[in-house]
Amino acid sequence: MRVQTFGNHRFFLVPAVVAAGCVGGIVDRVSGGEQANPGDNRGASVTPALSPARIWQLSPQQYQNIVEQAFGAPVDLAPLAITERHDGFLNPAVGGLAVHELFFADLEDSVARLAAEHAVRLASRLGCALSELDRACLGKFTSTLGRVLFRTPKVDVAPFLDLYGTLAPKLGNEHAFESVLTAMMLSPKALFRVELGDQRTSARGPVRLTSEELAESLALTLLNRAPDEELLRLAAGGQLDDPTIYGQQVDRLLGSSLGSAGLQQMLAEWLGVATFGGVDKNPALFPMFNDDLKRSMVSEIGLFVDHVLTVRRGSLRDLLTLQESFVDRRLAPIYGLATQSAQTGQPVPLPAGQRAGAFTLPAALAAMSESSLTGIIYRGKVLLEKLLCVVVRPPDMDVEFPDPDSLGLPRDATTRQRMESVEKQAACAACHVLLHPMSFAMETYDPIGRYRATENGRPIDPSGSLSFTRTANMPFRNAVQMFQVLGSSREVHECFVRQAFRYIHGREDDERDRTLLAEALGRFESDGLDMRSLYRALVLSDAFTHRERR
Amino acid sequence: MKLSRRDVVARLGAGALLAWPILSATRPAAGATIKKRFVTFFSSSGVRQDLFWPKGTPGAFDAGLYSLDGTSLQPLEPYLSEIIIPKGIKIDRGPGDSHDAGTVAALTGDHPRSLTFRSKPVARGESVDHFLAKALCKETPEKLLVLGVRLRVLRMSKYTSYDERGYEVEPLQSPYTLYDRVFKRFARSCGSPGSGTGGQGQVWELLRLQKRSILDTVRVQTAEMMRLYGLDANERQKLERMEEAIRSVELRLTADPETTPAAPGVSGCATVKQTMEAGTRVSDDDASFPKLLKLHLDLVALAFELDITRVITISLSLGGSGGAPMRWLQWRDSAGRSAAIDASHHNVTHGLERNVANYREKLQVIDRWNFEQFAYLVGKLKAIEEGGSTALDNGILWYATDVGDGKSHSSTLMPFIVAGRAGGSLKSGRYMAFTDQPRHQRLLTDFCHRLGVDIPEFGQPGAGGGGSLL
């Protein structure tokens with residue numbers, strides 16, 4: 001087996017089957033058509049990685065939150081698609097796609113409509129009558145609005161005053177005012193966050209983000225929205241340059257009511273439920289899977305995550321193993337429960353031996369299933385990636401899939417029985433032995449997340465072991481035990497640290513991030529696997545506050 | 001003249017404020033030159049090979065050497081003289097998931113640069129549709145249009161088309177967005193030519209001024225960011241793309257749609273306009289797949305009738321897991337009972353391995369349905385008359401896919417179909433058989449040549465040479 005160092009810890013990065021070319025792991029990355037080898041730099045001294053100086057598009061959720069924050073009212077920006085990310089997270093990756101022209105046109109329409117809807121209400125904040133709106137009055141207003149929309153204490157309002165000056169005589173004050181709102185929302189300063197650092201400093205080495213950039217990055221990461229006034233004030237005075245003050249602000253934000261909003265969004269994406277509206281099931285098989293039930297499922301997993309973060313001290317282990325949840329009237333039949341507890345706000349115990357943690361809640365299960373089928377292999381693939389950071393590559397070209405018929409299996413064989421035949425084929429086994437234990441364990445849940453003990457009348461065998469891991473290799477009888485094993489596994493804790501890092505930094509981790517990840521893991525473990533504490537460690541790290549010098 | 005919201009609503013309807021129509025570019029007068037076009041109709045997962053190829057001997061259609069009897073191509077029977085069926089082409093897609101790699105390779109003519117989205121861009125260069133659009137769409141207001149139907153899953157096989165940098169072009173999936181954004185301004189004249197009035201023209205002038213001023217403000221800020229931030233190439237391209245997006249919206253702000261001339265002899269225009277502007281819309285779900293596809297195909301034809309663009313790619317399925325279950329199709333078992341096909345094309349190709357019984361019978365139904373859709377588009381293009389010839393005569397319509405056979409993911413015997421005569425440079429009505437397995441880059445290169453774009457080869461260097469294929 002291949003052993004890699006991870007700071008002070010040693011761990012098995014990927015199993016022996018790597019030799020068969022199955023696993024990409026963190027390194028499923030191709031340059032010039034060649035698969036990078038994960039072990040190549042082992043033991044070599046490497047410079048700690050810093051993200052490059054960059055601009056970074058806001059996620060649709062952040063953009064929506066910020067417009068709401070600026071307007072002081074809920075806004076409906078759907079269907080806003082600024083950009084998408086392809087590694088399981090929605091938060092736009094740094095190297096990601098940029099604005100598509102027709103999406104930009106949609107965005108333009110969308111914000112023009114918002115501006116028209118909110119203009120009169122926002123005009124009441126002007127401090128002057130709309131009919132008497134002049135540059136001075138508008139200047140104050142745009143400066144205040146820009147602090148939120150552009151997330152900076154220094155707003156250059158001149159372009160917007162000029163726009164107003166051009167349009168007001170021709171269109172009237174109201175339409176000119178609307179146009180200003182539209183232009184501000186469409187501005188690249190609204191759409192992109194900036195992480196350049198003060199590149200003019202004479203010193204060599206990494207560049208610390210400016211006070212303003214730190215305020216912006218911190219607020220977006222922790223709160224998923226724009227900095228509040230206190231943060232902006234400190235940013236304006238350059239005070240966040242002082243690590244002590246910066247640290248105090250981290251703790252203030254984490255302790256605030258919205259302090260876990262960024263983490264909650266990351267967890268929703270990690271659990272695969274952030275875009276649950278798009279999940280569809282075969283109506284002939286699952287007529288009950290309607291919008292009401294979907295809303296209940298999303299609401300349940302949200303309450304569950306919130307409960308873990310607030311009542312269960314943010315424990316990752318509890319997130320993965322807790323056997324209680326918030327079952328409302330619509331979800332009760334999914335669980336086979338008669339009770340309902342949503343009104344009380346207290347979790348109820350789930351049927352014994354059937355559920356453990358967020359990945360076994362109906363929303364997460366439905367999201368990782370197909371429309372009519374369980375999506376057996378896909379589930380294994382997703383869980384390997386999310387929990388163990390093992391990326392199984394898709395099969396190479398020209399793979400012959402065997403018909404179980406030809407393998408002498410009965411027609412009503414369980415899916416597990418049929419898939420086990422694949423392990424006998426050398427070409428398939430390398431990857432499928434990694435996928436199968438998790439895939440098989442999850443077979444006790446149907447495509448909408450109901451527990452089931454049989455398939456085609458035959459008992460389902462969910463037992464197995466993740467024998468290719470070092471710290472999660474205890475045999476388990478079912479998914480509940482599997483998640484208990486996983487919840488206590490250092491490999492899972494390490495992987496979660498990496499997932500959080502990727503989410504916060506918008507890029508993959510690599511060998512050069514190992515020291516930082518090991519330190520964060522140490523803090524995470526010594527704080528009882530508190531995910532909030534992990535977030536704290538990550539935003540306090542130099543990797544968060546510094547960028548490469550250009 | 002001051003413009004109040006009430007004025008706008010009264011004159012143009014509430015929709016004018018919500019979905020601000022893009023104003024017209026001037027359509028070129030119908031010229032004497034041939035309008036060469038290129039359409040790719042992409043349907044993943046290959047075909048049942050045993051039912052695809054014509055019966056008989058390769059040769060010319062009019063020699064009566066082959067027929068489509070008993071094949072899944074039967075819906076194309078009326079168009080036998082318009083199509084070439086080239087047997088024996090191999091898709092050169094390189095390693096990786098054959099659906100992902102096959103989809104990237106099909107139009108780019110090259111292996112993917114990256115096998116996952118973790119490393120972008122995924123393609124090595126632009127796709128042939130993107131390339132051809134630059135040559136063929138010089139006179140049209142729109143360039144390449146990339147359309148898709150219910151491509152719900154984010155994976156490489158979602159993307160057929162790539163720009164010069166190898167970044168994917170996002171397919172437009174809502175026919176309504178497509179219509180509102182691209183067609184509406186031209187379709188205004190359909191059915192009611194010359195309805196424009198001077199007063200509204202003035203309103204449009206002001207609306208245009210407003211929109212252009214907003215865009216100018218945003219564009220200046222974008223350029224300023226590029227200048228001040230000293231970004232490297234990767235960071236810069238994000239703002240460059242934003243700038244391009246702003247410019248593309250501005251480009252559509254050139255003329256008053258009220259004075260856009262009526263399109264003479266545009267038969268389908270009024271019908272499409274009526275359908276697209278009707279109060280009830282086809283819902284965006286898997287069950288509506290056939291309806292959404294038809295709306296798209298009608299818009300493809302209308303785009304050519306109105307000469308909005310000359311290059312279009314439409315993808316109607318996603319290779320690999322995640323495609324739409326084809327429940328709108330019925331298959332019959334041996335006892336004659338019919339039932340809905342409750343799996344995606346991809347899953348059906350894998351049969352029992354994906355829990356789909358009787359997959360061969362179901363594939364027969366799916367393949368036939370796919371070719372009915374393709375035949376519908378062939379018929380639509382043939383019905384567009386253009387000075388003695390038809391839109392089909394003047395272009396190339398390519399049926400493309402990612403794999404030869406869905407079950408085995410084979411790369412050989414690609415079931416491609418080429419319809420049209422490329423303005424006379426292509427002799428249609430043939431069944432061809434190649435024994436040397438020519439790589440598909442040669443086909444792409446040939447497309448370029450037939451459409452009058454002279455390049456040594458398209459795609460992977462060294463792969464597309466060897467002379468004309470068709």
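None of these values were measured; they are calculated from a predicted model.

Colleague: Let's hear about the state of the cysteines: which residues, and what values?
Modeller: Here a disulfide denotes a covalent bond joining the sulfur atom of one cysteine to the sulfur atom of another. Residue and element names in this part refer to chain A. Going through the model one piece at a time under the given rule, you end up with 2 disulfides over all chains. In this model Cys 389 forms its disulfide with Cys 495; the gap between the sulfur atoms is 2.1 Å. Since a negative S-S torsion denotes a left-handed disulfide, the Cys 389-Cys 495 link at about 90° is right-handed. Of this pair, Cys 389 sits in the loop between helix 15 (376-388) and helix 16 (415-423) while Cys 495 sits in helix 19 (residues 490-505), and the two are 106 residues apart along the sequence. Judged by its relative accessible area of 1%, Cys 495 is buried. The cysteine Cys 428 is free of any disulfide, with Cys 431 supplying the nearest cysteine sulfur at 8.7 Å. Note on Cys 428: relative accessible area 10%, which makes it buried.

Colleague: Quick one: what's the story with the packing of helix 10 (residues 289-305) of chain B against helix 12 (residues 359-382) of chain B, residue by residue and with numbers?
Modeller: Residues and elements named next belong to chain B. Close contact between helix 10 and helix 12 brings their axes to 9 Å; oriented N to C, the two are set at 25°. In terms of orientation, helix 10 lies roughly parallel with respect to helix 12. The way helix 10 lies across helix 12 gives a crossing that is right-handed. Judged by residue contacts, Phe 289, Pro 290, Leu 293, Lys 294, Leu 297, Asp 298, Val 300, Ala 301 and Phe 304 of helix 10 engage Trp 369, Gln 373, Tyr 376, Leu 377, Lys 380 and Leu 381 from helix 12. For the contact of helix 10 with helix 12, the residue count by class is 11 nonpolar, 1 polar and 3 charged.

Colleague: Before we move on, can you summarise the packing of aromatic side chains with the specific residues and values?
Modeller: One pass over the full model with this rule turns up 22 aromatic pairs over all chains. Their ring planes at 85° and their centres at 4.5 Å tell us that B:Phe52 and B:Trp53 sit as a pair that is edge-to-face. Among the residues examined, B:Trp53 registers a relative accessible area of 8% and is labelled buried. Centre to centre, the rings of B:Phe52 and B:Phe371 are 5.6 Å apart; their planes meet at 50°, and the pair counts as tilted. Here B:Phe52, found in helix 3 (residues 49-52), pairs with B:Phe371, found in helix 12; they are 319 residues apart in sequence, far enough to count as distant. The same class applies to B:Phe52 and to B:Phe371, which are both buried. Clustering of aromatic rings is evident, with ring pairs tying together B:Phe41, B:Phe52, B:Trp53, B:Phe371, B:Phe374 and B:Tyr399. Note that A:Arg54 overlies the ring of A:Trp56, its terminal NZ or CZ placed 4.5 Å from the centroid. The ring of A:Tyr246 carries A:Arg208 above its face, with NZ or CZ at 5.7 Å from the centroid.

What counts as what
- Residues numbered from 1 in each chain as written.
- Chains lettered and ligands numbered in written order.
- Predicted model: local features only at pLDDT ≥ 70, side-chain atom pairs only at ≥ 80, totals over all residues.
- Heavy atoms only, no water.
- Disulfide = S-S within 2.5 Å.
- Helix = DSSP H or I, 4+ residues; strand = E, 2+ residues; numbered from the N terminus.
- Buried < 20%, exposed > 50% of the residue type's maximum accessible area, 1.4 Å probe, protein only.
- Axes fitted to C-alpha atoms, helices over the stretch in contact; angles between N-to-C directions.
- Parallel < 35°, antiparallel > 145°, perpendicular 65-115°, else oblique.
- Left-handed = near helix turned anticlockwise from the far one by under 90°.
- Contact = heavy atoms within 4.5 Å.
- Nonpolar A, V, L, I, M, F, W, Y, C, P; charged D, E, K, R; others polar.
- Phe/Tyr/Trp six-rings, centres within 6.5 Å; stacked < 30°, edge-to-face > 60°.
- Lys NZ or Arg CZ within 6 Å of the ring centre and 35° of its normal.

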